[in-house]
Amino acid sequence: MKITIIGTGHVGLISGLGFAEFGNEVVCVDRDKGKILNLKNGKLPIYEPGLKELLSKNRSRVTFTTSIKDGIQDASVIFICVGTPTKASGEADLSAVENVVAQIAESMKDYKLIVEKSTVPVHTGIKIKQFMKRRGKNIAFDVASNPEFLSEGNAIHDFMHPDRIVIGVESERAKKMLLTLYKPMKAPILITDIESAELIKHASNSFLATKISFINAVSRICKLSGADIEKVARGIGMDHRIGSEFLNAGIGFGGFCFPKDLRAFRKISEKLGFEFKLLEETEKINEEMKHHFVAIVEDALWNLNGKTIGILGLSFKPDTEDMRYAPSIDIIQALQKEGAKIKAYDPQAMPVAKKILKNIVYCENQYDVAKGADCLCILTEWEEFKNMDLSRIKTLLKSPIIIDGRNIFDKKEMEKLGFVYKGIGR
Ligand code: UDX
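Residues numbered from 1 in each chain as written. Predicted model: local features only at pLDDT ≥ 70, side-chain atom pairs only at ≥ 80, totals over all residues. Heavy atoms only, no water.

## Looking at the overall build of the chain
For the record, the criterion: Segments assigned H or I by DSSP are reported as helices when at least four residues long, segments assigned E as strands when at least two residues long, and all are numbered from the N terminus. When we talk radius of gyration, it's over C-alpha atoms, and the globule rule is simply 2.2 Å times the number of residues to the 0.38. Only protein chains enter the accessibility calculation, which uses a 1.4 Å probe. A residue is then buried if its area is under 20% of the maximum for its type, exposed if over 50%, and partly exposed in between. Whether two residues are in contact is decided by their heavy atoms, any of which lying within 4.5 Å being enough. Here the open area of atoms and residues is found with the Shrake-Rupley method and a 1.4 Å probe, where only the protein chains shown may cover a residue. When charges are counted, Lys and Arg are positive and Asp and Glu negative, with His and the chain ends excluded. Taken as the charge centre is NZ of Lys, CZ of Arg, CG of Asp or CD of Glu, depending on the residue.
A count of helices and strands for the chain gives 18 helices and 14 strands. Computed over its C-alpha atoms, the radius of gyration of the chain comes to 23 Å, within 12% of the 22 Å expected for a compact globule of 426 residues. Oriented by its inertia axes, the alpha-carbon framework of the chain measures out at about 70 × 50 × 40 Å. Burial status across the chain gives 52% buried among its 426 residues. Long-range contacts, defined as pairs at least 24 residues apart, comprise 73% of the intrachain contacts of the chain with a sequence gap of at least 6. Of the roughly 19700 Å² that the chain leaves accessible, carbon and sulfur atoms contribute 52%. If the 62 positive side-chain charges of the chain are averaged to one point and the 55 negative ones to another, these points end up 2 Å apart.

## Quick look at the sheet that holds strand β14 (residues 420-422)
Within a beta sheet, neighbouring strands are joined by backbone hydrogen bonds and run either parallel or antiparallel to one another. Rule in force here: By this definition, two strands are paired if DSSP reports at least two bridges between them. In this analysis, axes come from line fits to C-alpha atoms, helices being fitted only over the stretch in contact, and the angle between any two N-to-C directions falls in the range 0 to 180 degrees.
The strand order β11-β10-β9-β12-β13-β14 describes an open sheet built from 6 strands, whose pairing is parallel. The sheet is open, and its two edges are formed by β11 (360-362) and β14, each paired on a single side. Here the average twist between neighbouring strands, direction ignored, is 20°. Two strands pair when backbone bridges link them, and strand β9 (residues 308-312) and strand β10 (residues 341-345) are joined in this way by 5 bridges, in the parallel orientation. In the strand pairing of β10, Gly310 is matched with Lys343. Strands β9, β12 (375-378), β13 (401-404) and β14 of the sheet are contacted by helix α12 (residues 277-301), whose axis makes an angle of about 165° with β13.

## Points about the layout of surface pockets
We count it as follows: Here a cavity means grid points, on a 1 Å grid over the protein atoms only, where a 1.4 Å probe fits yet cannot get out; a pocket means an open set of points with protein on both sides within 12 Å along at least five of seven lines; lining residues are those with an atom within 4 Å of a point. Grid points are joined across faces, edges and corners, and a volume is the space filled by probe spheres set on the points. Where each domain begins and ends is defined by an automated method or by a domain database.
Volume-wise, the second largest pocket comes out at about 590 Å³. Along its surface, the second largest pocket is lined by 22 residues, and Leu94, Pro121, His123, Thr124 and Lys127 are the ones closest to its centre. Listed by contribution, the elements that provide at least two residues to the lining of the second largest pocket are α5 (95-107), α6 (124-135) and α11 (257-272). Here the lining of the second largest pocket spans two domains, and each of domain 1 (2-192) and domain 2 (226-422) adds at least three residues to it.

## Some words on the pattern of salt bridges
Here is the rule: Each reported salt bridge corresponds to a side-chain nitrogen of Lys or Arg within 4 Å of a carboxyl oxygen of Asp or Glu.
For the structure on display, the rule yields 23 salt bridges. A salt bridge links Glu281 to Lys284; the shortest N-O distance between them is 3.9 Å. Linking Glu281 with Lys284, this pair stays in helix α12, spanning 3 residues, or about one helical turn. The class for Glu281 is partly exposed, based on a relative accessible area of 39%. For Lys284, a relative accessible area of 46% gives the class partly exposed. Note that Asp374 and Lys398 form a salt bridge whose closest N and O atoms lie 3.8 Å from each other. One end of the pair, Asp374, is in the loop between α15 (366-370) and β12; the other, Lys398, is in the loop between α17 (390-396) and β13, with 24 residues separating them in the sequence. Beyond isolated ion pairs, a larger network of salt bridges with shared partners links Glu152, Asp322 and Arg324.

## Some remarks on the domain arrangement of the chain
How we decide: Note: buried area is the sum, over both parts, of the accessible area (probe 1.4 Å) each one loses when the two are combined. Within 3.5 Å is the distance limit for a polar contact, defined as a pair of N or O atoms, with the added protein rule that one can donate a hydrogen and the other accept it, and that residues adjacent in sequence qualify only through two side-chain atoms. Throughout, the ten residues Ala, Val, Leu, Ile, Met, Phe, Trp, Tyr, Cys and Pro are labelled nonpolar, Asp, Glu, Lys and Arg are labelled charged, and all others, Gly among them, are labelled polar.
Domain boundaries assigned for the chain yield domain 1 (2-192) and domain 2 (226-422). The straight-line distance from the C-alpha centre of domain 1 to that of domain 2 is 33 Å. Listed as interface residues are 19 residues of domain 1 and, on the opposing side, 19 residues of domain 2. Counting each side, the surface lost to burial between domain 1 and domain 2 is near 1500 Å², with a carbon and sulfur contribution of 52%. Ranking the residues of domain 1 by area buried against domain 2 places Tyr47, Thr86 and Glu152 at the top, with a combined share of 40%. Between the two partners, domain 1 and domain 2, sit 2 salt bridges. Among the ionic pairs, Lys271 bridges to Glu91, the shortest N-O distance being 2.8 Å. Inspection of the region where domain 1 meets domain 2 yields 7 residue pairs in polar contact (both at pLDDT 80 or more). Of the residues belonging to the side of domain 1 that touches domain 2, the class tally is 9 nonpolar, 8 polar and 2 charged.

Shown next, in the form of structure tokens:
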């Protein structure tokens, strides 16, 4: 099929290249000229494992342009993958979506299926339809919702092998087109109305965020009672109705999706007449985990003023350079406020972090960070931290203290090695 993807962020770029991998001809559109020029030259705007290879493999089936008008003419299906950031009110800002829809309405010459792939509030489909009818020229079109569930760092695998494909449609034509497009994927397909598909995305992300906050709240009880959250989480997760994933206690969730979608979902509910207080609590627990972590550091080091703290990991999760809403930002700023000096290392996120976090000594690797530091804090569970030479780390640190915000090590083993080891909920 011939398809157009508008927006080359995480969702757009991976979906575009993924559809190309399945043999479709794809046009990727983005208004950012620099980004498009780079993509034409094989340079990626994001770090995502396997993406470079996917781009070079599918180069002949993908074209890049900054023009929506040129980009949509040959395509029958157009995916809207532009950003839906948070407004100061907490609502999703849909002005980029509206702008794209306006340009489609303006330049389309034949039938188009317009698919929302970005996370949008329920009823966005209705708004798009109304807008198209007002601005269009009596050319037939359909609107569909097909939310994307890929997660950063594992995005290509998630796109190719999703747990489910959700298709919200209201016409047979749109349904058939999307079923044809997704035929090569072996995933179960759920066909719904547009509103339900829109809600599935917000509800899924809010549920996952709530699962993390739940385990983080339990981690606080573990700490207070002398239980070990790792064992408690294992015991909870063995119940198949609960499941073991997303039960890792730590410094909380970050990234562009969970914080943004939680707030947007709360706002949508409020607008519709229901106060979703549970989600307010989910957010609150998440915020508190960062303060809790700083309190653990203070407890271990006593006064922070003048102490050197080594930070391992800055991105909101491993295998990405994404720093958006990363817990590391608030934690580092709180430590700096107390007068601590910060040394840090992250395998991918340092160029981005340098623009956000100032007065930090950015290091070459974990050993550089440990040299002369009063303690080492693990904020992102990168694989290379799990495999570091701990004896070397111990000799480099001023005092052998590790505060692990992601519980990546075995407490007993660490104590056997002679570390003062503090984690979350244990
Ligand atoms: C998420 C959703 O998983 C994905 O389906 C959606 O499309 C976009 O949002 P992403 O933000 O890329 O994906 O990462 P995810 O792996 O879900 O992690 C989000 C945050 O939760 C990270 O900060 C992570 O560290 C944290 N997390 C996750 C925990 O603290 N504990 C866990 O058990 C799992």
